[in-house]
Amino acid sequence: MKEMPFCKNYIIPTLILCLLASCKRDFSGDNYVAYFGGEVANPTCSYVLFCKDNVVIDTIQLNKDNTFFKKFDSLTPGLYTFKHNPEYQYVYFDKNDSIKVHIDSKDFDESIIFCGRGDQKNNYLMDMYMRNEKDRNNMFESFDYSFEKYNSFIDKTNKDNTNFYKSKKEEIKWNDEFDVYAKAIVQFPYYTKKEIYPFIHKMRTGEDVHDKLPKDYYTYRNNIDYSNEALTEFSPFVMYLDHMLNNVGAINYHNHFSDVDLALKENINKLNIADSLITNEKVKNIVLNNIALKYLLEDQNMVNNQEFLKTYHKYSTDKSKKNEILKIGNAIQLLTIGKKLPEVELIDSNGKTISSDAVINKNTVFFFWSEKLNSHLVASHKKVLDLKKKYPNYEFIAINLDDDQEQWKLALKKYNFGTIKEFKCSNFDDIKAKWAITKVHRILVVNADKTIKNGFTNLFDLNFESNLK
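Please read all numbers here as calculations on a predicted model, not as lab measurements. (Residues numbered from 1 in each chain as written. Predicted model: local features only at pLDDT ≥ 70, side-chain atom pairs only at ≥ 80, totals over all residues. Heavy atoms only, no water.)

Draft legend 1. Just the nonpolar core, in detail. Counting 82 residues, the largest nonpolar core has Tyr124, Phe308, Leu341, Phe366, Phe368, Ile399 and Trp435 as the members making the most contacts within it. Ranked by the residues each element gives to this core, the list is headed by helix H5 (residues 176-205), at 11 residues. Excluding anything up to four places from it in sequence, Phe366 contacts Leu341, Val359, Ile360, Ile397, Ile399, Trp435, Arg442, Ile443, Leu444 and Val446. Ranked by size, the runner-up nonpolar core spans 21 residues in total, among them Phe36, Phe68, Val91 and Phe108. (Core = buried A, V, L, I, M, F, W, Y, C linked by side-chain atoms within 4.5 Å. Buried < 20%, exposed > 50% of the residue type's maximum accessible area, 1.4 Å probe, protein only. Helix = DSSP H or I, 4+ residues; strand = E, 2+ residues; numbered from the N terminus. Contact = heavy atoms within 4.5 Å.)

Encoded structure:
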């Protein structure tokens, strides 16, 4: 095991004395006091987020020496995540655990190690995570193997990981609640390999092995509890479910479908399968939302989006205000051709807030960018500079979607985009809600009278210029 000097130098002198003084009071009866702390080497921000099911429970500020500490007066046992932008990892708490973690943002996953009460379970999860990562990085050539060779290859890895799981379970003697995750982090990466093999093998070699697979190849699916709430936010299960639904929902004989129609039919298949497969309402809603969000991020077809959402609404019972799919669905309705483009606030390079209506003085194309996607940033601006010469009757307006206004100004100075008008979105949630902007590749084409000509197109679509004629 890696050395953990910070446990000796920081955590033990300061925390353990506190725990020893209060453990009799805190760790008794129905008290669910728990502690979480540690240190962050090379921090990227001034805090660590502590989350449950993608909801931030606490923002823990770093001290001057980059350490952090939080006492929870009552913490329900279970799986949590801690995030230090832009990375995250899992941490599992049993009743009254006191867990310390070391993080180095320059080598995030590889640097993590836990100590304190509850450390062994969490170090097991990290060990398995790193095993799976290493295994995934060594998988590429194996997809070229024949089925027999590939199956033998992944079975050996699975046997090694299963033996590791059994030995750690015997050594640590964890409870049944933690065992759900301890077993899942072994099983689901293995199942994922079985799901993806036929597709990646065909993509790499041209050979379709679907009909050559043994009849019992997918029997493991029958033993999975797809309605287990504990697993709905656990990435090995989420990743497996995504690949399984892609597999089962695929249409193999699709030459007579266009790409967009094929995507619609396959994703509606996935909604149908999820509805029949999952009985737990909460789990079903989460899975349906994941399918819908992924589809709506990719599809740019207004009619298909509406048809997809009809099926989604038939199955989903998630009517909460936080439901991203409802927001996107509402935004899609607002972007019907011929309707007036909803008004949003933009910020100009002088920091002045300006209405989107005010910048539309003739036929206008809005395109979007983020400094985080550098290749798209450069390519989209180059493309627009060419289009400006061909279509002088159009105004081309770039909108930056990042949070940091100073970084945006530095990017404008660095890249010097010439005559393109540049603005920054004032409120991303607002522009997402009104313009259905969920990714930078979307383009809005607007008439001079501020009505929508095309709310769902892509700058790099082969037929994009037809929107400008």
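Draft legend 2. Molecular detail of the packing of helix H10 (residues 324-334) against helix H14 (residues 428-435). Orientation of H10 relative to H14, taken along the N-to-C sense of each, is 60°, at an axis distance of 6 Å. Of the possible angle classes, the one that applies to H10 and H14 is oblique. Mapping the contact onto sequence places Glu324, Lys327, Ala331 and Leu334 in H10 and Lys432, Ala433 and Lys434 in H14. Of the residues assigned to the contact of H10 with H14, the class counts are three nonpolar, no polar and four charged. (Axes fitted to C-alpha atoms, helices over the stretch in contact; angles between N-to-C directions. Parallel < 35°, antiparallel > 145°, perpendicular 65-115°, else oblique. Nonpolar A, V, L, I, M, F, W, Y, C, P; charged D, E, K, R; others polar.)

Draft legend 3. Representation of the environment of Asn427 within the structure. Mapped onto the fold, Asn427 is located in the loop between strand E13 (421-425) and H14. Residue class for Asn427 comes out partly exposed when judged on its relative accessible area of 41%. It is 37 Å that separates the C-alpha atoms of Asn427 and Glu133, two residues lying 294 residues apart in sequence.

Draft legend 4. Summary view of the pairing of strand E11 (residues 364-369). E11 sits mainly inside the fold: six of its six residues count as buried. Of the two faces of E11, the one holding Thr364, Phe366 and Phe368 and the one holding Val365, Phe367 and Trp369 are both buried throughout. Examined bridge by bridge, E11 and strand E12 (residues 395-400) share six bridges and lie parallel to one another. Following the sheet pairing, Phe368 is matched in E12 by Ile399. Taken together, E11, helix H12 (residues 374-390) and E12 constitute a β-α-β crossover, and its handedness is right-handed. As paired elements, E11 and strand E14 (residues 442-446) share four bridges and run antiparallel to each other. Looking at the pairing, Phe366 lines up with Leu444 of E14. (Pairing = 2+ DSSP bridges. Right-handed = clockwise from strand over helix to strand, strands pointing away.)

Draft legend 5. Summary view of the pattern of salt bridges. Per the counting criterion, the structure on display carries 23 salt bridges. With its nearest N and O atoms 2.9 Å apart, the salt bridge here joins Arg221 to Glu195. Taken together, the positions of Arg221 in the loop between H5 and helix H6 (235-249) and Glu195 in helix H5 put the pair 26 residues apart, joining distant regions of the chain. Look at the salt bridges and you will find they share partners, linking Asp94, Asp97 and Lys121 into a network. (Salt bridge = Lys/Arg side-chain N within 4 Å of Asp/Glu carboxyl O.)

Draft legend 6. Structural detail: the sheet that holds E14. Taken together, seven strands build an open sheet; the order of strands is E10-E9-E13-E12-E11-E14-E15 and the sheet is mixed. At either margin of the open sheet sits one strand with a lone partner, and together these are strand E10 (353-355) and strand E15 (452-458). With strand direction ignored, the average angle separating the axes of adjacent strands in the sheet is 35°. This element, H12, spans E11, E12 and E13 of the sheet and lies at about 165° to E11. Against the sheet, H14 makes contact with strand E9 (345-347), E11, E12, E13 and E14, and its axis sits at roughly 130° relative to E11, the strand it touches most.

Note that every value here comes from positions in space, so none of it alone points to a role or purpose.
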